[in-house]
Amino acid sequence: MNFVFAPHPVTSLPVAGTDQRFPVRRVFCVGRNYADHAREMGALDQAEGREPPFFFTKPADAVVAGAGELSVKYPPQTANLHHEIEMVVALGAGGENVSVEAAKGLIFGYAVGLDLTRRDMQAKAKEKSHPWDMSKGFDQSAVAGEISPVAVSGYPESGRIWLKVNGQVRQEGDLSAMMWKVADIIANLSTLVRLEAGDLIYTGTPAGVGAIVPGDLLEAGVDKVGTLRARIV
Ligand code: MN
């Protein structure tokens, strides 16, 4: 192929316990999937209950992934960078209009992830009904640990999801509190786009999001899935 310059390398995640890597195609994220977080963002009227899931994306090359301590660059144009601990679903197969019952069949595995957010920029975007791309999809905004394949993790629907900053617990929740379960998310998203092998889905964050600064050490985990360590530099 006669490219005008060398194609960029494929973003990939290590698969735990193997020498294989998972090639990333796209990164989808679910907004406000835990009621306690929706409430802390002022976005949930308790009487209303859950709203339909909504999605935003990050570029595949925004992914920073690996085992061990990751180094994540503090982005420009923000004074309020927030952590959001999330379980990440990695798809090993695709489909469109996938049923809730068939959704599990698309899952390759799970990882622990961080949906980093320029909260100040996002607040302005919300105010003006502008898109979220630059508040959510900036360089190194999608952090992820190793993928735990379903053969090891099973299909976790409950279990602790937590994040510490410099040793202090900031976020702590349970997967069972997701308003839209993983199978619902896959089914819904597959009505909007054709899902493909290599797609990652960040499934939302529990309450406790907050600011991080250069030098901070983030440690996070999801029961049955794994852990993640990242240093903000
Ligand atoms: Mn999020």
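Residues numbered from 1 in each chain as written. Predicted model: local features only at pLDDT ≥ 70, side-chain atom pairs only at ≥ 80, totals over all residues. Heavy atoms only, no water.

**Thoughts on helix 6 (residues 182-189)**
- Taking burial as the measure, the 8 residues of helix 6 include 7 buried ones, the bulk of the element.
- The complete set of buried residues in helix 6 reads Val 182, Ala 183, Asp 184, Ile 185, Ile 186, Ala 187 and Leu 189.
- In this structure, the buried side of helix 6 is in contact with strand 3 (27-30), strand 4 (55-58), strand 8 (85-91), helix 2 (100-103), strand 9 (107-115) and strand 15 (200-202). (Buried < 20%, exposed > 50% of the residue type's maximum accessible area, 1.4 Å probe, protein only. Helix = DSSP H or I, 4+ residues; strand = E, 2+ residues; numbered from the N terminus. Contact = heavy atoms within 4.5 Å.)

**Considerations on the pattern of salt bridges**
- Evaluated as defined, the whole model comprises 11 salt bridges.
- Measuring nitrogen to oxygen at the nearest pair gives 2.7 Å for the salt bridge that ties Asp 115 to Lys 58. Taken together, the positions of Asp 115 in strand 9 and Lys 58 in strand 4 put the pair 57 residues apart, joining distant regions of the chain.
- Note that Glu 69 and Arg 229 form a salt bridge whose closest N and O atoms lie 3.2 Å from each other. With Glu 69 in strand 6 (residues 69-72) and Arg 229 in strand 18 (residues 226-232), this pair connects stretches of sequence that are 160 residues apart.
- The network of salt bridges with shared partners includes Lys 58, Glu 84, Asp 115, Arg 119 and Lys 136. (Salt bridge = Lys/Arg side-chain N within 4 Å of Asp/Glu carboxyl O.)

**Thoughts on the pairing of strand 9**
- Of all 9 residues making up strand 9, 8 are buried, and the element is well covered by its neighbours.
- Bridge count between strand 8 and strand 9: 7 bridges; the pairing is antiparallel. Bridging across to strand 9, Glu 86 finds its partner in Gly 113.
- As judged from the 2 bridges shared by strand 9 and strand 12 (residues 148-149), these two strands associate in the antiparallel manner. (Pairing = 2+ DSSP bridges.)

**A look at the packing of aromatic side chains**
- Applying the stated criterion across every chain yields a total of 3 aromatic pairs.
- Here the aromatic rings of Phe 54 and Trp 132 are separated by 5.7 Å at their centres, their planes lie at 80°, and the arrangement is edge-to-face. Of the two residues, Phe 54 is situated in the loop between helix 1 (35-40) and strand 4 and Trp 132 in the loop between helix 3 (119-127) and helix 4 (133-136); the sequence distance between them amounts to 78 residues.
- Under the relative-accessibility criterion, Phe 54 is labelled partly exposed at 23%.
- Using a relative accessible area of 18% as the deciding quantity, one classes Trp 132 as buried.
- Aromatic ring contacts, followed pair by pair, group Phe 54, Phe 56 and Trp 132 into a single cluster. (Phe/Tyr/Trp six-rings, centres within 6.5 Å; stacked < 30°, edge-to-face > 60°.)

**Digging into the sheet that holds strand 16 (residues 210-211)**
- One open sheet accounts for 3 strands, arranged 10-7-16; its pairing is antiparallel. Looking at the sheet topology across the chains shown, the edges are occupied by strand 10 (117-118) and strand 16.
- Pairing of strand 7 (residues 81-83) with strand 10 involves 2 bridges; the strand directions are antiparallel. Bridge pairing in strand 10 links Leu 81 to Arg 118.

**Looking at the nonpolar core**
- One finds Ile 186 and Ile 201 to be the most contacted residues of the largest nonpolar core, which totals 45 residues.
- Looking at this core, the elements that each hand over two or more residues are strand 3, strand 6, strand 8, strand 9, strand 13 (160-165), helix 6, strand 17 (217-222) and strand 18.
- No other element matches the 5 residues that helix 6 contributes to this core.
- Judged by nonpolar contacts, the second largest core, of 19 residues, contains Val 27, Cys 29, Ala 90 and Ala 142. (Core = buried A, V, L, I, M, F, W, Y, C linked by side-chain atoms within 4.5 Å.)

**Observations concerning the environment of Thr 18**
- As for its placement among the helices and strands, Thr 18 is situated in the loop between strand 1 (12-14) and strand 2 (21-23).
- A sequence separation of 130 residues divides Thr 18 from Ser 148, and the C-alpha atoms of the two residues are 10.0 Å apart.
- A polar contact of 2.9 Å, which involves the side chain of Thr 18, links it to the backbone oxygen of Val 15.
- From its side chain, Thr 18 meets the backbone nitrogen of Gln 20 in a polar contact 2.9 Å long. (Polar contact = N/O pair within 3.5 Å; in protein donor to acceptor, adjacent residues only side chain to side chain.)

**Looking at helix 3**
- If you check which residues of helix 3 are buried, you get Arg 119, Gln 122 and Ala 125. All buried residues of helix 3 project into a common sector of 115° when viewed along the axis, lining one side. When the buried face of helix 3 is taken as reference, the exposed residues oriented beyond 90 degrees from it are Lys 124 and Glu 127.
- Lining the buried residues of helix 3 we find helix 1, strand 7, strand 10 and helix 4.
- Looking one or two places after helix 3, you find Ser 129, whose phi comes out positive at around 55°. (Arc of directions from axis to C-beta.)

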